[in-house]
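Examining the three-dimensional arrangement
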Amino acid sequence: MTDLDEMFLTAAETERKLPLAIVKKKLSSWPEYVQEWSAYGYSDFAPKLPKPTPAEISQYDKVLCLGIDKMNSDDRRLVWAVAQSAAFRERGPQWNRLARIQGLADGRQIKRRYFDALIRLHYKLKAEDDDELLAKIF
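Summarised in this report is the structure supplied together with it. (Residues numbered from 1 in each chain as written. Predicted model: local features only at pLDDT ≥ 70, side-chain atom pairs only at ≥ 80, totals over all residues. Heavy atoms only, no water.)

Below, the discussion takes up the overall build of the protein chain. Of the regular secondary structure elements, the protein chain holds six helices and zero strands. Out of the 138 residues belonging to the protein chain, those deemed buried represent 28%. Within the protein chain, counting contacts between residues at least 6 apart in sequence, those at least 24 apart form 70% of the total. (Helix = DSSP H or I, 4+ residues; strand = E, 2+ residues; numbered from the N terminus. Buried < 20%, exposed > 50% of the residue type's maximum accessible area, 1.4 Å probe, protein only. Contact = heavy atoms within 4.5 Å.)

Rendered as structure tokens:
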């Protein structure tokens, strides 16, 4: 089950690394800038995320297909919300924030539902005897 958890978390990080679906158009106007004597270099450098490797994209595609084929829509939404919440975050998902979005009182409820969804997925895969699929994914 921890392998499924890691798999969804890395897929969420890969999704964040992908380029945007809609590219912003370039306009013919001057950018906004501060008009002071110390205006040169006023903005801090913000590094971009690295581009995903082909192996990460392949793994991402497998995880998407696994979620679509083997999970119901409520479990899939919950798992992706938790994975997106934990992407590039050392402390893990923001359980309380996810609980407020769902209209629940406590983050422990979301955490329990998340692990229940992963357990259901694990037993579905085990019941269907998808050892070949699991070997390909892991």
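Continuing now.
If you walk through the whole model with that rule in mind, you get four salt bridges. The partner of D75 in a salt bridge is R120, and the shortest N-O contact between them spans 2.8 Å. With D75 in helix α3 (residues 73–86) and R120 in helix α5 (residues 107–127), this pair connects stretches of sequence that are 45 residues apart. Notably, a salt bridge pairs D106 with R108, separated by 2.4 Å at the nearest N-O pair. For D106, a relative accessible area of 22% gives the class partly exposed. (Salt bridge = Lys/Arg side-chain N within 4 Å of Asp/Glu carboxyl O.)

This paragraph deals with the nonpolar core. Within the largest apolar cluster, 24 residues are counted, with the highest numbers of intra-cluster contacts made by F8 and W80. Elements with a contribution of two residues or more to this core: α1 (2–17), α2 (54–70), α3, α4 (95–102) and α5. At six residues, the largest contribution of residues to this core is made by α5. Apart from the residues lying within four places of it in its own chain, the contact partners of F8 are V63, M71, V79, W80, A83, L118 and L121. (Core = buried A, V, L, I, M, F, W, Y, C linked by side-chain atoms within 4.5 Å.)

Together, M1, I119 and Y123 make up an exposed nonpolar region whose accessible area comes to about 280 Å². Within the secondary structure layout, M1 lies in the segment before α1. The class for M1 is partly exposed, based on a relative accessible area of 35%. (Patch = residues over 30% accessible without salt bridge, like charges linked within 9 Å, V, L, I, M, F, W, Y side chains within 5 Å. Areas by Shrake-Rupley, 256 points an atom, 1.4 Å probe, with all protein chains shown as cover.)

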